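Each chain, written out:
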Amino acid sequence: MKESANLFGIENVLKTLGLKAINNGTPTGIVNYSGNSILESFSPVDGQLIGSVTITTKADFEAVMEKATAAFKIWRTMPAPQRGEVVRQFGDKLRKKKEALGKLVSYEMGKSLQEGLGEVQEMIDICDFAVGLSRQLYGLTMHSERPGHRMYEQYHPLGVVGIISAFNFPVAVWAWNTTLAWVCGDVCIWKPSEKAPLCGVACQNIISEVLAKNKLPEGISNLINGDYKVGGFMTKDNRIPLISATGSTRMGKIVAQDVASRLGKSLLELGGNNAIIVTPDADIKMTVMGAVFGAVGTAGQRCTSTRRLIIHEDIYDKVKSGIVDAYKQLRIGNPLDETNHVGPLIDKDAVNMYLNALKQVVEEGGTIIAKGEVLKGKGYESGCYVKPAIAEAKPDFKIVQHETFAPILYLIKYSGDVENAIETQNNVAQGLSSAIMTNNLQEAELFLSVQGSDCGIANVNIGTSGAEIGGAFGGEKETGGGRESGSDAWKVYMRRQTNTINYTSEVPLAQGIKFDL
Ligand code: UN1
């Protein structure tokens, strides 16, 4: 193992999380299914091979499916508050392993340690939420129109839920889905991103311990590994009533078609092209803070990352110089070193997409005002470290309309009323997150009104990223329309049943229909 990783105790991290230690770069073969093909996980931090997993074959998948289906029969009959108790124990274990798991997230996908720890905190928070929820899976009762009849609705679990998650939130997004699905009585099969498979194994190890301690079947939580082909086992399988998928719009369209063609349900959380509107009444300091974290946090690889700043012409120069100055303070380097703000991109493909986007924005007539480049030299050997860039652009540039998963921020000038800025902000294919920076109540309320932002998330005086778990998370248009995490997002993991009970000895029909024999 390279010095850089050892320096931050990665060997101990792997041990704590039950991942076999690396032996001279030999694949560790952590998940032992029958397949011979392996998936290797290289850290973008130092380019080092961390470990590998076996790719799930169709035969392995069948075995997993069998285990999951059998586990569901047991799990569904356990009272929801008891399922909540299992999730509570999972949350407790996460608290103990927060440091180790946070470090693994940081090392395997490259986000700063602070954000890695924050991601595990998000898991802990959703566990707490799910525990409470396990006593609140409420249905409504209705007044029947017929005498001596009672009507109510209740929620039952769906069965086996398939979860496909992305590399950028390799543990939290799974937890949003799985903990809610578990308290609802579902069992889950998870395919983590092929770019962060070890985070998946670590989480599976933690929940497996909890299940074993409670003498519950391990099929309540299942892990499969591989790329989209392995995901396809799930999306095409009509034994899986719900697929929750997070990732690109391109991927989401394929998943949606597969699932719809068998009339399954899908919950999609796809691309964003998130903007912050900065009006003349904005607090500039707050704007700079919110925009810089939004644009460079997770190296611009959150689906909620700030990609566009739509700034009023009267304050444009002030905001621009504030942001450019802030970018000069950014320290880019090993994300495990807490003095750094920005870690690497996930891989070289991501670096190429970043470079292409910078080229394209210039070709379309944009001006680069904070130069982007791939960093070279000591500490940057993985080739995945890039400088966050800023370009002045027009909102209708093709590249500005496109989600590039990299730290590139486009500055767009608007004039006139806030309505113009709102129109620009909405005029993209995606609809995940949005924000307005203003101390003007009328502007803020208009932004939140029906004439305002068309996104699933609309914030005032905070950035576009960093949502709390308590709210429903997701977006409109090409973002896919799904809602995960808080509020009443749990309902998607259950099937609703309406029950009418007649406690008389008559059989009256609804709508007063007479049918006398
Ligand atoms: C994602 O990028 O897929 O709101 C999820 C946020 C995080 C979750 C992002 N809580 O930025």
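Remember, predicted model here, so these are calculated numbers, not experimental data.

Basis of the calculations
- Residues numbered from 1 in each chain as written.
- Predicted model: local features only at pLDDT ≥ 70, side-chain atom pairs only at ≥ 80, totals over all residues.
- Heavy atoms only, no water.
- Pairing = 2+ DSSP bridges.
- Helix = DSSP H or I, 4+ residues; strand = E, 2+ residues; numbered from the N terminus.
- Axes fitted to C-alpha atoms, helices over the stretch in contact; angles between N-to-C directions.
- Contact = heavy atoms within 4.5 Å.
- Parallel < 35°, antiparallel > 145°, perpendicular 65-115°, else oblique.
- Left-handed = near helix turned anticlockwise from the far one by under 90°.
- Nonpolar A, V, L, I, M, F, W, Y, C, P; charged D, E, K, R; others polar.
- Domains from an automatic or database assignment.
- Salt bridge = Lys/Arg side-chain N within 4 Å of Asp/Glu carboxyl O.
- Polar contact = N/O pair within 3.5 Å; in protein donor to acceptor, adjacent residues only side chain to side chain.
- Core = buried A, V, L, I, M, F, W, Y, C linked by side-chain atoms within 4.5 Å.
- Buried < 20%, exposed > 50% of the residue type's maximum accessible area, 1.4 Å probe, protein only.

1. Let's talk about the sheet that holds strand β11 (residues 306-312)
Part 1: Spatially, seven strands are ordered β12-β13-β14-β11-β10-β16-β17 in an open sheet, and the strand pairing comes out mixed. Only two strands of the sheet have a single neighbouring strand rather than two, namely β12 (367-370) and β17 (457-460). Shown here is a sheet whose adjacent strand axes are inclined to one another by a mean of 25°, direction ignored.
Part 2: Bridging between β12 and strand β13 (residues 389-392) involves three bridges; their strand directions are antiparallel. The partner of Ala 370 across the bridge, within β13, is Ile 390.
Part 3: Here helix α12 (residues 348-363) sits on the sheet in contact with β12, β13 and β14 (408-414), set at roughly 25° to β14.

2. Regarding the packing of helix α14 (residues 418-426) against helix α15 (residues 441-448)
Part 1: Running from N to C, α14 and α15 point in directions that differ by 30°, and their axes come no closer than 10 Å. Considering their axes alone, α14 and α15 lie roughly parallel with respect to each other. You can see that α14 and α15 cross each other, and the crossing is right-handed. Taking contact as the criterion, the partners of Val 418, Glu 419 and Ile 422 in α14 are, on α15, Glu 443, Leu 446 and Phe 447.
Part 2: The class makeup of the residues in the contact of α14 with α15 is four nonpolar, no polar and two charged.

3. Here's the deal with the domain arrangement of the chain
Part 1: The domain architecture assigned to the chain consists of domain 1 (3-269 + 487-496) and domain 2 (274-472).
Part 2: Here the C-alpha centre of domain 2 lies 30 Å away from the C-alpha centre of domain 1.
Part 3: Counting residues at the interface gives 29 residues for domain 1 and 27 residues for domain 2.
Part 4: The partner of Glu 115 in a salt bridge is Arg 302, and the shortest N-O contact between them spans 2.9 Å.
Part 5: Where domain 1 meets domain 2, there are nine residue pairs in polar contact (both at pLDDT 80 or more).
Part 6: Taken together, the elements giving at least two residues each to the side of domain 1 that touches domain 2 come down to α4 (80-109) and α5 (113-133).
Part 7: Residue contributions to the side of domain 1 that touches domain 2 peak at seven residues, all from α5.
Part 8: Along the lines of polarity and charge, the residues of the side of domain 1 that touches domain 2 split into twelve nonpolar, eight polar and nine charged.

4. Re the nonpolar core
Part 1: Among the nonpolar cores identified, the biggest contains 156 residues, and Leu 101, Met 123, Trp 174, Ile 189, Leu 309, Ile 323 and Tyr 327 are the most heavily contacted of them.
Part 2: Element by element, the count of residues in this core is highest for α4, at eleven residues.
Part 3: Looking at which domains feed residues into this core, each of domain 1 (3-269 + 487-496) and domain 2 (274-472) gives three or more.
Part 4: Every residue in contact with Ile 323, bar those within four places of it in the chain, is listed here: Val 288, Ala 291, Val 292, Leu 309, Ile 390 and Leu 409.

5. Looking at the sheet that holds strand β5 (residues 160-164)
Part 1: Ordered in space as β7-β6-β5-β8-β9, the five strands form an open sheet in which the pairing is parallel. The outermost strands of the open sheet, each flanked by one partner alone, are β7 (221-223) and β9 (265-269). Strand after strand, the sheet turns through a mean of 15° between neighbouring axes, direction not considered.
Part 2: Where strand β6 (residues 187-191) meets β7, three bridges bridge the pair, whose relative direction is parallel. Bridging across to β7, Ile 189 finds its partner in Asn 222.
Part 3: In the packing of helix α6 (residues 172-184) onto the sheet, the strands contacted are β5, β6, β7, β8 (242-246) and β9, and the crossing angle to β6 comes to about 165°.

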